[in-house]
Amino acid sequence: MSLRTVRIGAGVVYLLALAALTWPVLTRVNQVEPQILGLPFHMAWFAGWIVVTFVTLLIVDRFETAAEEEDRS
Amino acid sequence: MERWQVVTAILVAYLGVTLGIGLISGRRASKSVTGYVAGDRDFGLLVMYFVTGASVFSAFAFLGGPGWAYSRGAAAFYILAYGVLGMFPWYWVGQKVAATGRSEGFVTQAQLITGRFPSRTLSVLIAVLSVAAFIPYITLQMRGAGIVIEAVTEGHIPLWAGAALAYGIVVVYVLTSGVAAVGWTNTFQGIFMVAIAWTLGLWLPRRIYGGIGPMFDRIATERPELLEMPGLTATGDPWSWGAFTSAILVSAIGISMWPHLFMKAFTAKDARTLRRTVMLFPTFQLFLIPVFLIGFAGVFYVAPDQLPGGNVDFVLPTMILQTELPALVVGLFCAGALSASMSTGDALLHAAASVTIEDGVAPLRPLDDRAATRAMRVLVVLFGVVAYSFAVWGGSSLVVLLLTSYGIIAQLAPPVIAALYWKRATTAGALSGMIAGSGAALFFYFNPGLRILELHEGLLGLAVHLVVLIGVSLATSPQEPDHVNRFLAPGASPAQPEPATP
């Protein structure tokens with residue numbers, strides 16, 4: 001995968017997160033059941049998106065760092 | 001010895017250790033002129049991680065977060081959303097800020113903005129806005145420290161005295177050792193906070209309700225309105241989606257604009273360290289989960305009339321004190337909450353004073369190093385006193401104070417983004433956008449009834465800001481392409497040696 005693809009992919013994930021964590025999508029996940037690890041569903045929804053963005057940045061960072069090292073050599 | 005005396009003794013010991021670390025690290029760093037820079041270079045990723053975390057998570061996370069979960073339920077979830085949404089773009093924007101800083105020699109936000117849009121008025125305006133945003137933020141931290149101390153000592157040391165004690169210490173170490181102290185005390189405090197929050201967040205629901213799931217089952221049955229998004233207002237009525245969503249957006253736009261965080265892009269050792277700090281940021285957001293669990297655990301455990309003055313910010317310390325936890329654990333926990341307040345408060349005081357000197361005074365009247373240092377010390381004390389008087393006599397909850405300051409600081413986002421990404425932006429556009437945006441935010445702050453869809457005043461201000469910035473920029477003549485390229489593609493062409501434009 002090229003750095004450009006990864007960056008565009010990250011941008012898409014960001015837009016999805018932005019939509020997922022604001023009105024109106026939030027009105028669709030406004031429920032307590034099913035509980036996930038004991039958390040009500042909507043609270044787990046927020047936590048889940050935090051994990052998704054973290055993993056996305058982790059992947060992006062791999063590619064950015066690799067590209068940077070390639071530049072240097 | 002009574003229980004509260006044991007807890008107080010631990011807090012005093014903790015404050016002593018903090019002061020000690022602050023003073024020792026300052027003495028070490030001040031031996032060389034480049035103490036600050038060298039000190040920063042010492043910071044490996046782990047230290048950098050806790051420095052960022054401790055300065056982002058403040059009394060607000062430890063006291064305001066549980067207070068909101070306890071009294072306003074799902075409304076508190078907005079806090080989970082904005083950190084991630086705000087910091088993600090900073091992974092790239094931050095790098096560009098850093099690159100521009102390197103090629104142009106900027107050290108503050110206003111220098112970056114006025115580098116692209118030369119205007120002394122704009123620089124002073126940015127300094128004024130930053131300080132206006134810092135004051136409620138510092139007030140929040142001070143009141144948090146006072147709340148912890150008042151609760152722990154069962155009122156023997158009231159809020160006003162507790163806040164004065166904790167911030168007396170903060171001011172002393174900011175004055176004697178500057179930024180180096182901020183870095184090292186933050187690390188110490190950061191580790192402390194994370195460990196204790198997770199321990200209590202998992203333990204308390206189990207202890208009181210037999211588990212996290214059973215706790216939420218009971219809330220869903222007996223207080224279903226708390227778990228219905230977007231939660232409740234302070235008075236217990238349903239909150240509106242407009243207010244909830246715009247609180248997220250304003251905070252997300254504002255978070256990376258805080259001068260004390262923004263300037264890290266200029267001081268970070270290299271692009272990689274900066275990127276990694278941003279990358280690890282979401283893990284701090286997860287730290288809010290146990291904090292909220294503590295707040296939710298209080299719903300059936302603490303009656304509102306048990307809180308001093310009915311102030312929900314007291315919910316967490318009140319709960320901790322009611323459990324039969326050993327006094328040692330309670331003491332350590334309260335020290336953690338206190339550290340959350342102080343580790344943010346010191347960074348804020350330092351940044352507020354630096355920004356005032358660098359951006360508010362220096363463009364009008366250049367100061368030599370000694371005069372600048374002296375003026376900074378005076379300002380640290382001055383801002384401390386102003387925030388303290390608000391902390392003691394003001395009335396809003398911690399989260400409300402935070403939201404107000406985010407509305408102000410978010411106004412710095414349009415000129416930063418325009419400076420780095422929009423070639424057609426002009427000085428007249430940036431300046432008039434800033435004036436119109438801040439003016440609109442101020443207007444809606446004082447006229448809450450006129451807000452459309454109950455949107456946050458900061459977001460309404462941003463809407464006006466953008467329209468004016470774009471409109472005026474397009475109506476005025478474009479900037480020189482060479483000048484613009486230094487910001488849109490920093491370091492791309494060899495920098496032309498030019499006389500510095502103040």
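The rules behind the values
Residues numbered from 1 in each chain as written. Chains lettered and ligands numbered in written order. Predicted model: local features only at pLDDT ≥ 70, side-chain atom pairs only at ≥ 80, totals over all residues. Heavy atoms only, no water. Helix = DSSP H or I, 4+ residues; strand = E, 2+ residues; numbered from the N terminus. Areas by Shrake-Rupley, 256 points an atom, 1.4 Å probe, with all protein chains shown as cover. Buried < 20%, exposed > 50% of the residue type's maximum accessible area, 1.4 Å probe, protein only. Polar contact = N/O pair within 3.5 Å; in protein donor to acceptor, adjacent residues only side chain to side chain. Contact = heavy atoms within 4.5 Å. Domains from an automatic or database assignment. Buried area = accessible area lost by both parts, 1.4 Å probe. Salt bridge = Lys/Arg side-chain N within 4 Å of Asp/Glu carboxyl O. Nonpolar A, V, L, I, M, F, W, Y, C, P; charged D, E, K, R; others polar.

Right, let's talk about the overall build of chain B for a bit. Counting its secondary structure elements, chain B contains 23 helices and 0 strands. For chain B, the accessible area works out to roughly 18700 Å², and carbon and sulfur atoms hold 66% of it.

Another point: the side chain of E64(A). You can see E64(A) is positioned in helix 3 (residues 41-72). Residue classification places E64(A) among the buried positions, given a relative accessible area of 5%. Here W92(B) takes part through its side chain, which lies 3.1 Å from a polar atom of the side chain of E64(A). Beyond its immediate stretch of four places on either side in the chain, E64(A) contacts L3(A), R7(A), Y91(B), W92(B), Q95(B) and R275(B).

Attention shifts here to the domain arrangement of chain B. Residue and element names in this part refer to chain B. Assigned domains within chain B: domain 1 (3-85 + 119-410) and domain 2 (422-502). Roughly 1300 Å² of surface becomes buried between domain 1 and domain 2 when both sides are summed, with 78% attributable to carbon and sulfur atoms. If you look at where domain 1 meets domain 2, you find 0 salt bridges. Put simply, domain 1 and domain 2 have 3 residue pairs in polar contact (both at pLDDT 80 or more) between them. Of all the elements in the fold, those that place two or more residues in the side of domain 1 that touches domain 2 are helix 8 (120-152), helix 11 (241-255) and helix 19 (398-409). Residue classes in the side of domain 1 that touches domain 2 are distributed as 10 nonpolar, 7 polar and no charged.

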